[in-house]
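Tertiary structure, described
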Amino acid sequence: MFDGYTMSELGSIFAMQGFAGLILFSVFVLMALGLAIIFGQMGVINMAHGEFMILGAYVTYLCSNLFSTYLPGLFDIYFFIAMVLSFIAAGALGMLVEWSLIRHLYKRPLDTLLATWGLSLILQQLYRSIFGAREVGVSLPDWLMGSYPLTETIEVPINGIFVMVLTVLITTAVYFLIFRSGWGRQVRAVTQNRIMSGAVGINTERVDRLTFGIGCGIAGIAGSAFTMIGSTGPTAGQLYIVDTFLVVVFGGAQSLFGTIASAFAISQSQSAMEFFLSGSMAKVLTLLTVVGILMLRPQGLFSLKIRR
Amino acid sequence: MSINPSENLARPGRSPRWRRTMASVLLAAASTVAVAGPPTAEVNTTGLAVTDDTVTIGILHSVTGTMAISETGSVQAEKLAIKQINDMGGILGRKIEYIQEDGASDWPTFAEKAKKLLVNDKVASVMGCWTSASRKAVLPVFEQYNGMLYYPTFYEGLEQSPNVIYTGQEATQQIIAGIDWVVKEKGAKTFFLLGSDYIWPRTSNKIARKHIEKLGLKVVGEEYYPLGHTQFNSVINKIRLKKPDVIYAIVVGGSNVAFYKQLKAAGIDLTKEKPLLLTISVTEDEIRGIGGENIEGAYAAMKYFQSLGNDNNQAFVKAFKEMWGDDIVIGDVTQAAYLGPWLWKAAVEKAGSFDIDKVRAASPGIELTTAPEGYVRVHENHHLWSKTRIGRAKADGQYEVVYETADLMEPDPFPAGYQ
């Protein structure tokens, strides 16, 4: 396993792999955050999560075309505008979906599963009809695509750092929104006791719609950011959905902290194993470990203690 | 729609003008037959969908689902070839009509639709399939109901069916020429093999490894990642440490985009050729998704590039763009799909019949001098003799052809000593 590497090489391996693991960790958190909010706070399993991400990616694609054609001078910073627009687009679509589809199904969790899965198929075909079946290339400003050499063997990709910073910012924002704002208090109240919340004057429908919208909006931002590292096509959302569910379920569905902890555990172990074993074996072992732990702890790593 | 004209004519209340029109239509139809090719009874003895002035074939690709990305180009190429053949007067005096079915990226669906095309529609041939999995799924159907499939994709070999003509390259044609070239021209000594985890990349890398070791050179790593994998930082670190001369990459689908973007972001500049990257899985189609600036400098070994300068190809690219739009790109498989209808036409004309068995017997030895890739010939084993070329990716998403084999490469789907 360690043969053929010198000590200094092993040192750089661990440094680089640790960093690769951190990037993967940020990617996981960014993917899972939106899903965790919706799943945790509302009990809705949003199978169309990947498609909301891809909506963000397509918005970014449109922005990149728009800016390179009409505003080439501002091309360097278009990415930030694209992320904001992605958030708005995915959030608006999310609220529309909640209003037209999800709110009729709140008491039937299995039906929301089917309905959102159907929605994901509809969205995929919609993207295919609008943007074509082929993947589109999103051109990025040059400053996002380089790397920063630390030593001879260690180089740090700039887009990796970008994703990490973005993840920290968004996670902090979500934390303050849910645990430190009036709206967050309402969300938590509705989660704990819907009827009682309604009785004390909280507009539970509005809270639901906003929660769903924000969850989808964050998915949109994630999709926008992932144009830096992945592909943008009608079905690209499917590439992320399995990992996303893995992170959320493993972390414990109703705990944001659990989502972050599980993203960290899965990403670090996967990236370490990927180095010493082959890529497919690493995936198999990760999944086996997760299944094993879930058998012992079906509620996930962390779970809220609430009276049912 | 099968209205019996005599019944209609006998029906009371029809005006005489209607009868006159009907009669002239019938007369016109009869006269077309008179000037067209040989009588149907002669060219179609097995009950295929051949009439006096039409012949029906099937197009079976995924236009929905995950494979639609790749298969769309094949459908477009086949429709272009059919249109051009019809403009030239068709086959044996008959216009080609097609029935298009959607495999929906689902292998059982492919089998079901293949059966529908062969049993219900009685098509004279089928242009179709893209992935090996879909081909394997339809193969028993084609063999049971004796159909003819023209399969366009480069693939892993290890197959030879009397009911399939393989218009793409099999693995050895693509791999051996490519590796010989990097060894000879670039002095490569060490290789890192990388692929998506399924049959084509694995079989191809197995052939590559055998060939590399046969040349006395070294494989320093071999890695596979699940289809759809999007995180390649670990393997990129590994490549950086192993310092191979060549990264031999057979990554497919959405993973491709992730791989090349992350390679660039990790500071491995392919234009510097340290290491050099050689792929057999990235056509111009894939580069659209990857972005030319992310793969600039990589080499690809395949039989066709859109930038080929010969006259056939110039005309083909022009016609393709006229039909499907200026911003379209044409990859290796798209060109191979374009050959399908033409090879079938040549075989039918040589056989003088649409009968599957006669077309099969006539197929080996069929030559196309008008192929966009240049000259091709059908081998006894139903694969094509073709040249292999090396292209270097440019930032604009096209390849610059830097090398082509002097001779046609012989297709060898069961390479001895490589299994």
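**Remarks on the overall build of chain A**
- Tallying secondary structure elements over chain A gives 11 helices and two strands in all.
- The N-to-C order of helical and strand elements in chain A reads α-α-α-α-β-β-α-α-α-α-α-α-α.
- Taken over C-alpha atoms, the radius of gyration comes to 20 Å for chain A, in line with the 19 Å a tight globule of 308 residues would show.
- With the principal axes as the frame, chain A shows a C-alpha extent of 65 × 55 × 35 Å.
- Within chain A, the fraction of its 308 residues that count as buried is 49%.
- Counting contacts in chain A only where the partners sit at least 6 residues apart, residues at least 24 apart contribute 77% of the total.

**Remarks on the overall build of chain B**
- A count of helices and strands for chain B gives 15 helices and 15 strands.
- Compactness check: chain B gives a C-alpha radius of gyration of 24 Å against a globular reference of 22 Å for 419 residues, within 12% of the reference.
- Projected onto the principal axes, the alpha-carbon positions of chain B cover approximately 90 × 40 × 40 Å.
- In chain B, which comprises 419 residues, the share counted as buried stands at 52%.
- In chain B, of all internal contacts separated by at least 6 residues, the share reaching a separation of at least 24 is 70%.

**What about the interface of chain B and chain A?**
- At the junction of the two partners, chain B supplies 35 residues and chain A supplies 39 residues.
- Taken together, the elements giving at least two residues each to the side of chain B that touches chain A come down to α4 (68-87), β7 (218-225), α9 (233-242), α10 (254-265) and α11 (284-290) of chain B.
- A class-by-class count of the residues in the side of chain B that touches chain A yields 12 nonpolar, 15 polar and eight charged.

**Focus on the nonpolar core**
- Within the largest apolar cluster, 199 residues are counted, with the highest numbers of intra-cluster contacts made by Phe28(A), Ala32(A), Tyr248(B) and Leu343(B).
- Inspection of this core shows a minimum of three residues originating in each of domain 1 (54-169 + 309-386) and domain 2 (172-302 + 390-404) of chain B.
- Once residues lying within four places of it in the same chain are set aside, the contact partners of Tyr248(B) are Phe191(B), Phe192(B), Leu193(B), Leu194(B), Ala208(B) and Leu278(B).

**A few points about the sheet that holds strand β11 (residues 367-371) of chain B**
Residues and elements named next belong to chain B.
- Judged by pairing direction, the sheet is antiparallel, and its three strands sit side by side in the order β11-β12-β13 without closing on themselves. The sheet is open, and its two borders are formed by β11 and β13 (384-385), each paired with just one other strand.
- By the bridge criterion, two bridges tie strand β12 (residues 374-378) to β13 in an arrangement that is antiparallel. The residue of β13 that forms the bridge with Val378 is Leu384.
- Helix α14 (residues 332-351) contacts β11 and β12 of the sheet and is inclined by roughly 140° relative to β11.

**Comments concerning the packing of helix α2 (residues 49-70) of chain A against helix α9 (residues 237-251) of chain A**
Residues and elements named next belong to chain A.
- Interaxial distance between α2 and α9 falls to 8 Å at its minimum, and their mutual angle equals 130°. Classified by the angle between their axes, α2 and α9 sit oblique to one another. Two packed elements cross with a definite hand, and for α2 against α9 that hand is right-handed. Of α9, the residues touching α2 (which contributes His49, Gly50, Glu51, Met53 and Ile54) are Gly237, Gln238, Tyr240, Ile241 and Thr244.
- Its residues assigned to classes, the contact of α2 with α9 comprises four nonpolar, five polar and one charged.

**Here's the deal with the packing of helix α6 (residues 182-192) of chain A against helix α8 (residues 204-226) of chain A**
Residue and element names in this part refer to chain A.
- Between α6 and α8, whose axes approach to 10 Å, the crossing angle comes to 110°. By the angle class used here, α6 and α8 are roughly perpendicular. Seen from α6, the contacting residues are Gln186, Val187 and Val190; seen from α8, they are Thr204, Val207 and Thr211.
- Of the residues in the contact of α6 with α8, the class split is three nonpolar, three polar and no charged.

**A word on the environment of Phe28(A)**
All names here are of chain A.
- Mapped onto the elements of the fold, Phe28 is located in helix α1 (residues 7-42).
- In this structure, the C-alpha to C-alpha distance between Phe28 and Ala57, residues 29 residues apart in sequence, is 16 Å.
- Here Phe28 is in contact with Asp243, Val247, Ala263, Ile266 and Ser267, once residues within four sequence places are set aside.

**Things to note about the sheet that holds strand β4 (residues 149-151) of chain B**
All names here are of chain B.
- Strand order in the open sheet formed by five strands is β2-β1-β3-β4-β5, with parallel pairing between adjacent strands. Of all the strands in the sheet, just β2 (95-102) and β5 (164-166) have a single pairing partner and so form its edges. On average, each strand axis in the sheet is tilted by 25° relative to the strand beside it, whichever way the strands run.
- Inspection of the sheet shows strand β3 (residues 126-128) paired to β4 by two bridges, in the parallel sense. Considered in β4, the bridge of Val126 is made with Leu149.
- Where helix α5 (residues 107-120) meets the sheet, it contacts β1 (54-61), β2 and β3, and its direction lies at approximately 175° from that of β1.

**Regarding the domain arrangement of chain B**
Residues and elements named next belong to chain B.
- Per the domain assignment, the segments of chain B are domain 1 (54-169 + 309-386) and domain 2 (172-302 + 390-404).
- Taken over C-alpha atoms, the centre of domain 1 sits 28 Å from the centre of domain 2.
- The interface of domain 1 with domain 2 comprises 15 residues on the first partner and 13 residues on the second.
- When contributions to the side of domain 1 that touches domain 2 are tallied by element, the ones reaching two or more residues are α4 and α14.

Cut-offs used in this document
- Residues numbered from 1 in each chain as written.
- Chains lettered and ligands numbered in written order.
- Predicted model: local features only at pLDDT ≥ 70, side-chain atom pairs only at ≥ 80, totals over all residues.
- Helix = DSSP H or I, 4+ residues; strand = E, 2+ residues; numbered from the N terminus.
- Rg over C-alpha atoms; globule rule 2.2 N^0.38 Å.
- Buried ≥ 20, exposed ≤ 12 C-beta atoms within 10 Å, placed from the backbone.
- Contact = placed C-beta atoms within 7 Å.
- Nonpolar A, V, L, I, M, F, W, Y, C, P; charged D, E, K, R; others polar.
- Core = buried A, V, L, I, M, F, W, Y, C linked by C-beta atoms within 7 Å.
- Domains from an automatic or database assignment.
- Pairing = 2+ DSSP bridges.
- Axes fitted to C-alpha atoms, helices over the stretch in contact; angles between N-to-C directions.
- Parallel < 35°, antiparallel > 145°, perpendicular 65-115°, else oblique.
- Left-handed = near helix turned anticlockwise from the far one by under 90°.

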